[in-house]
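Structure assessment
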Amino acid sequence: AQKVYLWLDAGLKGGYGPNMMVNSDILNGSDYTPKINGSYSFGGKFGVNFGEYYAITFDGMYSQFKQQFTYKPDQTSSATINEYKWTTYDLYPLFRYNRTINYVEIGPRFSWLQKATQSNAGAPFTDVQSDFKDFTYSAVLGFGWYALGDDAFTTIIGVRMGYTIDDFVTASGKANNQVDLGL
């Protein structure tokens, strides 16, 4: 058998999964509650593989997120929804450890904000991009398995979790009571 020391791979990626904004202000707020919402992304991947088990991968993704909060504007009102939508371009340089049928990956995610909008209490969506940072970084952990394929083509199914390390809201966003609704 011939030993392979270096090989390259490339592919298309797509994903869908839950997301939720989480920080101490959101979790400690008694007047509003974040909901778990869906997000999606699509893009591509390029990998440099070393030997049988190790790889450095670079994923470029376009992602769209949504976050809804339910809250009561005052004690006499019924609950209403404050909703945010935002899109990003994401770069994932990850270290991956491959086994025969599964893998684990770890590394950063760098995100560039493209658009951010808000709708409060059913009002039309408005641009609030200046209230959020143009660039954020996150820690990422993923794992998955090779569902089908062979040496030339493989379908991979995985789960990836990320946590944004820096604050997503800018100083002007805090002054405008973004995310915490000023409650």
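To be clear, the structure that these remarks concern was listed above.
So, here's what we can say about the structure. (Residues numbered from 1 in each chain as written. Predicted model: local features only at pLDDT ≥ 70, side-chain atom pairs only at ≥ 80, totals over all residues. Heavy atoms only, no water.)

1. With respect to the environment of Ser78
Rule in force here: Secondary structure elements follow DSSP: runs of H or I of four or more residues count as helices, runs of E of two or more count as strands, with numbering from the N terminus. Residues are treated as being in contact if the distance between any of their heavy atoms lies within 4.5 Å.
Inspection of the secondary structure puts Ser78 in the loop between strand S4 (54-71) and strand S5 (80-98). Between the C-alpha atom of Ser78 and that of Leu141, which follows or precedes it by 63 residues, the distance is 39 Å. With sequence-adjacent residues up to four places away left out, Ser78 is seen in contact with Tyr71, Lys72 and Pro73.

2. Remarks on the side chain of Gln67
Using the following cut-off: A simple rule labels every residue: compare its accessible area, found with a 1.4 Å probe on the protein chains alone, to the largest value its type can have, and call it buried under 20%, exposed over 50%, or partly exposed in between. Pairs of N or O atoms are called polar contacts if they sit within 3.5 Å, as long as, within protein, a hydrogen donor faces a hydrogen acceptor (for residues adjacent in sequence, only side-chain-to-side-chain pairs).
Tracing the backbone shows Gln67 in strand S4. Using a relative accessible area of 0% as the deciding quantity, one classes Gln67 as buried. Within polar-contact distance, the side chain of Gln67 engages the backbone oxygen of Lys35 at 2.8 Å. If sequence neighbours within four positions are ignored, Gln67 has contacts with Asn19, Met20, Met21, Pro34, Lys35, Asn37, Asn82, Glu83, Tyr84 and Trp86.

3. Thoughts on the packing of aromatic side chains
Rule in force here: In this analysis, rings of Phe, Tyr and Trp, with Trp reduced to its six-membered ring, are considered paired at centre separations within 6.5 Å, and the interplanar angle assigns stacked below 30 degrees, edge-to-face beyond 60, and tilted for intermediate values. For a lysine, the NZ atom is tested; for an arginine, the CZ atom; a charge sits over a ring if that atom is within 6 Å of the ring centre and within 35 degrees of the ring normal.
Evaluated as defined, the whole model comprises 14 aromatic pairs. Ring centres 5.5 Å apart and planes at 20° place the aromatic pair Phe65 and Trp86 in the stacked group. On the criterion of sequence distance, the pair formed by Phe65 in strand S4 and Trp86 in strand S5 is long-range, its members being 21 residues apart. The exposure class of Phe65 is buried, given its relative accessible area of 15%. For Trp86, a relative accessible area of 10% corresponds to the buried category. Each ring, one from Trp112 and one from Phe135, has its centre 5.3 Å from the other, and the planes form 55°; the classification is tilted. Note that Trp112 is positioned in strand S6 (residues 102-120) and Phe135 in strand S8 (residues 135-149), a separation of 23 residues in sequence. Using a relative accessible area of 35% as the deciding quantity, one classes Phe135 as partly exposed. Each member of the aromatic cluster is reached from another via a ring pair, and the members are Phe65, Phe69, Tyr84, Trp86, Phe132 and Phe168. Over the aromatic face of Tyr103 sits the side chain of Arg96, whose NZ or CZ is 3.9 Å from the ring centroid. One cation-aromatic arrangement involves Arg160 over Tyr92; the distance from NZ or CZ to the ring centre is 4.5 Å.

4. Comments concerning the side chain of Arg96
Within the secondary structure layout, Arg96 lies in strand S5. Using a relative accessible area of 4% as the deciding quantity, one classes Arg96 as buried. A distance of 2.9 Å separates polar atoms of two side chains, one belonging to Arg96 and the other to Glu105. In this structure, Arg96 is in contact with Lys45, Tyr53, Tyr54, Ala55, Thr57, Tyr103, Val104, Glu105, Tyr146 and Ile156, ignoring residues within four places of it in sequence.

Treat this as a map of the structure, not an account of what it does.
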